[in-house]
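Listed below, chain by chain, are the residues.
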Amino acid sequence: MSVPVVAIIGAGYAGLACGVELARAGVHVTVFERSHTMGGRARVVHKDHHWRVDNGQHILIGAYSELTRLLRLTGVSPKQLAHLPLTLHVPGRLHLKAASLPAPFHLAVGLLRAQGLHWADRLAMLRLMRWLKRRGFRLPDPGMTVDALLAETRQTPTLCQLIWEPLCVAALNTPAAAASAQVFANVLRDSLGAGAAASELLLPRTDLSELFPVPAARYIGVRRGRLRTGNAIEAVERVAGGYRLDGDPGSHPWPHVVVATAPYHAGALLASVGGCERLVAQIDALEHEPIVSVYLALGRGQQLPEPMIGLASGSTAGPAQWVFDRGQLGGPEGLFSCVISAHGPHEALARDELVLAVHAQLERQLGRRLPAPEWSQVIVEKRATFACRPGVFRPGIRSPLPGLWLAGDYLDSDYPATLESAVRSGVACATAILAEIGHKA
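Residues numbered from 1 in each chain as written. Predicted model: local features only at pLDDT ≥ 70, side-chain atom pairs only at ≥ 80, totals over all residues. Heavy atoms only, no water.

Draft legend 1. Molecular detail of the sheet that holds strand β10 (residues 226–229). Strand order across the open sheet formed by five strands is β10-β2-β1-β13-β19, with parallel pairing between neighbours. In the strand order of this sheet, the two ends are held by β10 and β19 (404–406), each with one partner. Here the strands of the sheet are splayed against their neighbours by 20° on average, with no regard to which way each runs. (Pairing = 2+ DSSP bridges. Helix = DSSP H or I, 4+ residues; strand = E, 2+ residues; numbered from the N terminus. Axes fitted to C-alpha atoms, helices over the stretch in contact; angles between N-to-C directions.)

Draft legend 2. Broad picture of the environment of Ile-397. Position of Ile-397 relative to the elements: it lies in the loop between β18 (375–386) and β19. In this structure Ile-397 touches Trp-405, Leu-406, Leu-411, Ser-425, Ala-428, Cys-429 and Ala-432, once residues within four positions along its chain are discounted. (Contact = heavy atoms within 4.5 Å.)

Draft legend 3. Spotlight on the sheet that holds strand β17 (residues 335–341). A sheet is described by the order of its strands in space; here five strands give the open sequence β15-β16-β17-β14-β18, paired in antiparallel fashion. Single-partner strands in this sheet number two, and they are β15 (308–310) and β18. Ignoring which end each strand starts from, the neighbouring axes of this sheet average 20° apart. Strand direction decides the pairing type here: strand β14 (residues 288–297) and β18, joined by nine bridges, are antiparallel. Its bridge partner being in β18, Ala-297 is matched across the sheet by Trp-375. Contacting β16 (322–325), β17 and β18, helix α6 (residues 157–172) runs over the sheet at an angle of about 70° to β16. Sitting on the sheet, helix α13 (residues 351–366) touches β14, β15, β16, β17 and β18, and the angle it makes with β14 is about 70°.

Draft legend 4. Spotlight on the packing of aromatic side chains. Tallied over the entire structure, the rule returns five aromatic pairs. Plain terms: the ring middles of Trp-51 and Trp-375 are 4.4 Å apart, the flat faces sit at 10° to each other, and that makes the pair stacked. Of this pair, Trp-51 sits in strand β4 (residues 51–54) while Trp-375 is found in strand β18, placing the two residues 324 residues apart along the sequence. Taken together, a centroid distance of 5.6 Å and an interplanar angle of 50° make the contact between Tyr-64 and Tyr-415 tilted. Of this pair, Tyr-64 sits in the loop between β5 (60–61) and α2 (65–73) while Tyr-415 sits in the loop between β19 and α14 (419–440); the two residues are 351 residues apart in sequence, bridging distant segments of the chain. Grouping residues by exposure puts Tyr-64 and Tyr-415 together as buried. (Phe/Tyr/Trp six-rings, centres within 6.5 Å; stacked < 30°, edge-to-face > 60°. Buried < 20%, exposed > 50% of the residue type's maximum accessible area, 1.4 Å probe, protein only.)

Structure (structure tokens):
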């Protein structure tokens, strides 16, 4: 029997993407996961006996080619994702839906049909997209913020409030005043700036653990890989023949180890090895932004006008920025998932105060009375993503030590910290490992 050559620490989307690619090539991998639930920062949470909800809502777009490829590879049914045209709906204020046409007509026709926008708004949106296209979506100043980009392209207050700022905080989980304009431009390039299929919204109909981690683990398992959940790795030791893992019940060294944990855990593991001091300092210097999910179960008969709607947010409007109707996405009827991205005044509110504030915000913006929640839950991911600011350093997949690799959504990428960034890093890591194994064979 051949000895496995790759250990992966972390069964989130990055680690499992790496494992799937290695298993597909015939490499035996073992994935170690501290939790009993797979998915990392994109996982299902069991609450109050019968409620299964995600620890945060994730939006996919059609341009996320690697994740959709891996979903097909691991046998995920296409029906697990709702494919919707790019739709921005703010009740009573905005309705913009992209047309099923090639770029740029999908956006142009969508703008022509949009409700709630004046001609000045429509022309401003086209002006920003033309400005970016003329520059090949490469900004002249890498230190530019999204706010500065909006000012440079003379965007209207309506567009900033209803479209650009909400899209920025949704994609980058960083307020527009501090967010990287270059990364935002990359997102616009592959969504609004691409065809209708690339800009489609792909909304999961199942929980985030079932969407990819469970099928990925099954795929790895039938190819003689192993998944060890509830198995924490506390440290990595450099030994003859590779690395030994503190917490690994086996005794053999691993020629290749992939650290596929969140960055705030990766730093400690790399520090335990030694020889990675500069890399550890760079990872530990990353600042993070939270995401708060407020779940409201309002009962049968309660439905939003769209599966996903935007909310006017801010100190007077209310804390939430987006609401997802889980009943329209395969979940219980009347279950709404309300998302609050990045730091803000909401962090000072107690749990019950936050539930009341979001419920009142929904009533105001839907223009109707809503029943009191039959059940509610607040889930806080305090370090959901890194703060995607201009010039932030994002390391690559290679560490300074041979055979020691990194995977995760915080690594160098065109995209912010998304599921697509995570799986792309895992695939890139697997590709590099396969090249080294092939070279040494």
